[in-house]
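Structural overview for review
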Amino acid sequence: MRRRTFLTAAASLTAAGCTSSGGSAGRGGSHLTYGVWDVAQLPAMRKAADAFERSRPGVSVDVQLTPNGTYWTKLRTACTGGSAPDVFWMNGPNFGLYADAGQLLPLETEGPDAVLDPAAFPADLVSLYRWRNVQYGAPKDFDTVALWFNKELFDRAGADHPNADWTWQDLIEGAERVTDRRRDVYGIAAPVWAQENYYDSIAQAGGYVISEDRTTSGYSDPRTVEGLRLWTDLIHRYQAAPTLQQLTDTDPTQMFQAGRVAMIQDASYDAAAYWKDPQFRAKVGVVPLPRGRRRATVIHGLGNVVYARTPHPELARDFVRFLSGEPASLLQARHGTAIPAHQGTQQPWTEAMPRFDLKVFLDAVDYAVPYPTSANTAAWGHKEQQILARAWSGDESVEAAADRLAEAMNLLLDQERS
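My aim in this report is to walk through the structure given alongside it, one point at a time. All values derive from a computational prediction rather than experimental measurement.

Across 6 bridges, strand E1 (residues 31-36) lies against strand E2 (residues 60-65) in parallel orientation. Paired with glycine 35 across the bridge in E2 is glutamine 64. For the crossover from E1 across helix H1 (residues 42-55) to E2, the handedness is right-handed.

In this section: the sheet that holds strand E13 (residues 303-306). Strand order in the open sheet formed by 5 strands is E2-E1-E3-E13-E6, and the pairing between neighbours is mixed. Among the strands making up the open sheet, the edge pair consists of E2 and strand E6 (137-139). On average, adjacent strands in this sheet sit at an angle of 25° to one another, irrespective of strand direction. Across 2 bridges, the pairing between E1 and strand E3 (residues 87-90) is parallel. Looking at the pairing, tyrosine 34 lines up with valine 87 of E3. Contacts between H1 and the sheet are confined to E1, E2 and E3, with E2 contributing the most and set at about 165° to the helix.

The final tally for this structure, using the stated rule, is 24 aromatic pairs. Residues tryptophan 37 and tyrosine 71 carry aromatic rings whose centres are separated by 4.8 Å and whose planes lie at 80° to one another, so their mutual orientation is edge-to-face. Here tryptophan 37 is found in the loop between E1 and H1, whereas its partner tyrosine 71 is found in helix H2 (residues 71-81), with 34 residues between them in sequence. For the pair tryptophan 37 and tyrosine 71, a shared accessibility class is recorded, and that class is buried. Judged by centre distance (5.8 Å) and plane angle (65°), the rings of tyrosine 198 and tryptophan 392 are edge-to-face. Of the two residues, tyrosine 198 sits in helix H7 (residues 194-204) while tryptophan 392 sits in helix H17 (residues 377-393), which places them 194 residues apart along the sequence. Taken together, the ring pairs in this structure connect Trp148, Phe256, Tyr274, Trp275, Phe280, Trp349, Phe356 and Phe361 into an aromatic cluster. Note that arginine 281 overlies the ring of tryptophan 275, its terminal NZ or CZ placed 4.0 Å from the centroid. Here the basic side chain of arginine 295 rests over the ring of tyrosine 367, its NZ or CZ set 5.7 Å away from the ring centre.

Cut-off values and rules
Residues numbered from 1 in each chain as written. Predicted model: local features only at pLDDT ≥ 70, side-chain atom pairs only at ≥ 80, totals over all residues. Heavy atoms only, no water. Pairing = 2+ DSSP bridges. Helix = DSSP H or I, 4+ residues; strand = E, 2+ residues; numbered from the N terminus. Right-handed = clockwise from strand over helix to strand, strands pointing away. Axes fitted to C-alpha atoms, helices over the stretch in contact; angles between N-to-C directions. Contact = heavy atoms within 4.5 Å. Phe/Tyr/Trp six-rings, centres within 6.5 Å; stacked < 30°, edge-to-face > 60°. Buried < 20%, exposed > 50% of the residue type's maximum accessible area, 1.4 Å probe, protein only. Lys NZ or Arg CZ within 6 Å of the ring centre and 35° of its normal.

Purely geometric numbers; function is a separate question.
Pasting the structure below:
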């Protein structure tokens, strides 16, 4: 599952008629629907639903899978039409849009009716699903980013493998050393990926994407530009990464798995894909991201939310409470592809793929920075992709693209406030 694609096109969501019947109307008071998008996690989600049913005699849960390519379009239509699932997955880029439109029910965090205990989860994940000081989502899982590398390609080039002490300079030198254009092999993939690439390097450089109060773009900051330039330099200055056109023609993870790039920054959610091929897994290693001015990675994670118009609000909250607990989190760790967010339940996930040093993803929580969001993250997220692609392709300087993006983003943030 790749969360890097999960941006809803800019659109409005209305909360009109929130007292009308919701997604479970006419199905009986003991039936819930649960909306998810990742087929790889479907077995784990069904096991969790089965466990909830066993603990609540007479209750049934229908886990509904909608492929990620259509999930957000269908959800937006269902929410405005009153037919959304009672409980469904949410992510950071889209959360503000749904919370601000009144499409989600608040979740208690204190007292006897508490749905989740914030202390049981990484603080950045809890705050990701809090809007105007109200909690609307319970963290389900999390992902951080690390540097994956092909040991065989480094050995063939006679180069030292990446390690936890690497800096940006080591990354550049390693990528140059392993690049072999005669064999169509590059040192690293440098796609226009936010979470896996430039959000991390921006933080490592000491820059920022959006101000803490979510009112101002950080793209005009010199250190933000420094974080962007790392990737364009790898492509154009050092010629150690494929061009944007090459990465458009072939998915970067496919190039990595095919041995055409020696390194790729990728999140924990792709570990299962790399593990799937026994021959490939033997060649692959993973280490923390290289350090810039500081060490940093973006942390993100999915949340479970309750539809505002569910006719079963207490039962839906009870289901989210169960999903957020330790037993369901351990089920996810053993049978899913994502790291459960509940503290102390992640070890089974690392043990499922013992050849990989997956502890680097857990350790990264200590130096992680929150995924940047606002009320309509998707609006300026699309601008990011469009404008930064011109810098990645070499059609525009990084400075010019960053300034233009800052201007466009600030305009969109102004529109959010109005």
